Amino acid sequence: MNIELLKKHLQKNVEETAIEFQKKEDIVCSFETPILAYVDAEDPKFDALFARGMNDHPKKIYRPGKCLILHYTPYAADIVGRNEAADTPTEEWVRAYMESLWLAMELNRTIVKTLKTQGRLTSYMNNMMEWDLKTCRGSWSHTLAAAVGGVGTIGPAGSLIVNGRYGGRVGGIITDGLYAEPAEGLETIDPESFADEILRAWEKPECSREMIAACPGGAISEGGIDKFKCQEYCLKFNEYIPSSDVCGKCFKFGI
């Protein structure tokens, strides 16, 4: 099967998986069509993130890996809108945070199963329930990988802004198949500036009075975002993976 045909097959399979997932009796949230992206595992921007301790390198996770296949599934727009209008995270938003995790796991399995029919080697990137309270993050971030691959840009507190919107879940796997376009080399990109900009957007964005007031955890000041206060507040909603994504109240300020 040629590469373009395989990509169409993968897109069809993940779309069908997402549709069937939302038909389950215990699933209450709605999600939009997943977006697939193919990222070169040797992109030098991964080197810059790894050198700063911001993210594991794909090659550390799975040395035979050559391409990351990422999927981004947006929440339904009304879920985002209702959470944005509320003073604190809505039950629906918190629920979408977990249901999208379960969906991401199913999409990963679908991609791996599809690639196995082509004889490809694959690996999952991480345990998606992993979280380190000392660093306020996991060792691997699909969100940062999505930024490397140009899926979206990083906004406040590590949000991912895609096509002018926020609110969604990133997942993915790594494979030995060559499905991504080769990454730009050091002669055309500056990985260090890329990492600098992510750190600035994540922890030291321009914080307006409105943004400071929007944080129900008191984690935002004129000096930036206190990731430990953010984590402390998010623990109220998810004791296992207290990412800022479980709250999302500051994300709109990254648009």
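These numbers were taken from a predicted model, which means no experiment stands behind them.

A. Representation of the overall build of the chain within the structure. Across its full length, the chain holds nine helices and eight strands. A principal-axis box enclosing the C-alpha atoms of the chain has dimensions of 55 × 50 × 30 Å. Expressed as a percentage of its 255 residues, the buried residues of the chain come to 52%. Within the chain, counting contacts between residues at least 6 apart in sequence, those at least 24 apart form 76% of the total. A total accessible area of about 12400 Å² is found for the chain, and carbon and sulfur atoms account for 51% of it. The distance from the centre of the 29 positive side-chain charges to the centre of the 37 negative ones in the chain is 3 Å.

B. Structural view of the nonpolar core. Among the nonpolar cores identified, the biggest contains 48 residues, and Leu10, Ile69, Tyr75, Ile111 and Leu115 are the most heavily contacted of them. Those elements that provide at least two residues to this core are α1 (3-21), β1 (35-40), β2 (67-74), α4 (77-85), α5 (91-116) and α9 (227-234). In terms of residue count, the dominant contributor to this core is α5 (12 residues). Residues contacting Tyr75, with those up to four places away along its chain left out, are Ser30, Phe31, Glu32, Val80, Trp93, Ala96, Tyr97, Ser100, Arg165, Gly167, Gly168 and Arg169. The next biggest cluster of nonpolar side chains, apart from the first, holds 28 residues, and it includes Met54, Met125, Val170 and Phe194.

C. Structural context of the environment of Leu6. Relative to the helices and strands, Leu6 resides in helix α1. Measuring from C-alpha to C-alpha, the distance between Leu6 and Ser100 comes to 25 Å, with 94 residues separating the pair along the chain. Discounting chain neighbours no more than four positions away, the residues touching Leu6 are Met1, Thr114, Leu115, Gln118 and Tyr179.

D. Just α9, in detail. If you check which residues of α9 are buried, you get Cys230, Gln231, Tyr233 and Cys234. Seen end-on, α9 carries its buried residues on one side only, within an arc spanning 160°.

E. Looking closely at the pattern of salt bridges. Using the criterion set out here, one finds 15 salt bridges in the structure. For Asp196, the salt bridge is made with Arg52, and the minimal N-O distance between the two is 2.6 Å. Of this pair, Asp196 sits in helix α7 (residues 191-203) while Arg52 sits in the loop between α2 (44-51) and α3 (58-61); the two residues are 144 residues apart in sequence, bridging distant segments of the chain. By relative accessible area, Asp196 is classed as partly exposed at 41%. Arg200 is the salt-bridge partner of Glu197, the closest N and O atoms lying 2.7 Å from each other. Placement of both Glu197 and Arg200 in helix α7 is noted, with a separation of three residues, approximately one turn of the helix. According to the relative accessible area criterion, Arg200 is partly exposed, its value standing at 36%. Taken together, the shared-partner salt bridges connect Arg52, Glu192 and Asp196 into one network.

F. Seen up close, the packing of α1 against α5. The contact between α1 and α5 brings their axes to 9 Å, and the two run at 145°. In the packing of α1 onto α5, the handedness of the crossing is right-handed. Note on element contacts: α5 touches α1 through Glu99, Trp102, Leu103, Glu106, Leu107, Thr110, Ile111, Thr114 and Leu115, opposite Leu6, His9, Leu10, Asn13, Val14, Thr17, Ala18 and Phe21. Along the lines of polarity and charge, the residues of the contact of α1 with α5 split into 10 nonpolar, five polar and two charged.

G. Region of the structure containing the packing of aromatic side chains. Summed over the entire model, instances satisfying the criterion amount to six aromatic pairs. With centroids separated by 6.0 Å and ring planes inclined at 65°, the aromatic side chains of Phe31 and Tyr75 adopt a geometry described as edge-to-face. Of this pair, Phe31 sits in the loop between α1 and β1 while Tyr75 sits in the loop between β2 and α4, and the two are 44 residues apart along the sequence. Among the aromatic side chains, those forming a connected cluster through ring pairs are Phe31, Tyr75, Trp93, Tyr166 and Phe251. Lying over the aromatic face of Phe194, Lys45 brings its terminal NZ or CZ to 5.7 Å of the ring centre. Lying across the ring of Tyr97, Arg169 places its NZ or CZ 4.8 Å from the centre.

Definitions and limits used
- Residues numbered from 1 in each chain as written.
- Predicted model: local features only at pLDDT ≥ 70, side-chain atom pairs only at ≥ 80, totals over all residues.
- Heavy atoms only, no water.
- Helix = DSSP H or I, 4+ residues; strand = E, 2+ residues; numbered from the N terminus.
- Buried < 20%, exposed > 50% of the residue type's maximum accessible area, 1.4 Å probe, protein only.
- Contact = heavy atoms within 4.5 Å.
- Areas by Shrake-Rupley, 256 points an atom, 1.4 Å probe, with all protein chains shown as cover.
- Lys, Arg positive; Asp, Glu negative; His and termini not counted.
- Charge placed at Lys NZ, Arg CZ, Asp CG, Glu CD.
- Core = buried A, V, L, I, M, F, W, Y, C linked by side-chain atoms within 4.5 Å.
- Arc of directions from axis to C-beta.
- Salt bridge = Lys/Arg side-chain N within 4 Å of Asp/Glu carboxyl O.
- Axes fitted to C-alpha atoms, helices over the stretch in contact; angles between N-to-C directions.
- Left-handed = near helix turned anticlockwise from the far one by under 90°.
- Nonpolar A, V, L, I, M, F, W, Y, C, P; charged D, E, K, R; others polar.
- Phe/Tyr/Trp six-rings, centres within 6.5 Å; stacked < 30°, edge-to-face > 60°.
- Lys NZ or Arg CZ within 6 Å of the ring centre and 35° of its normal.

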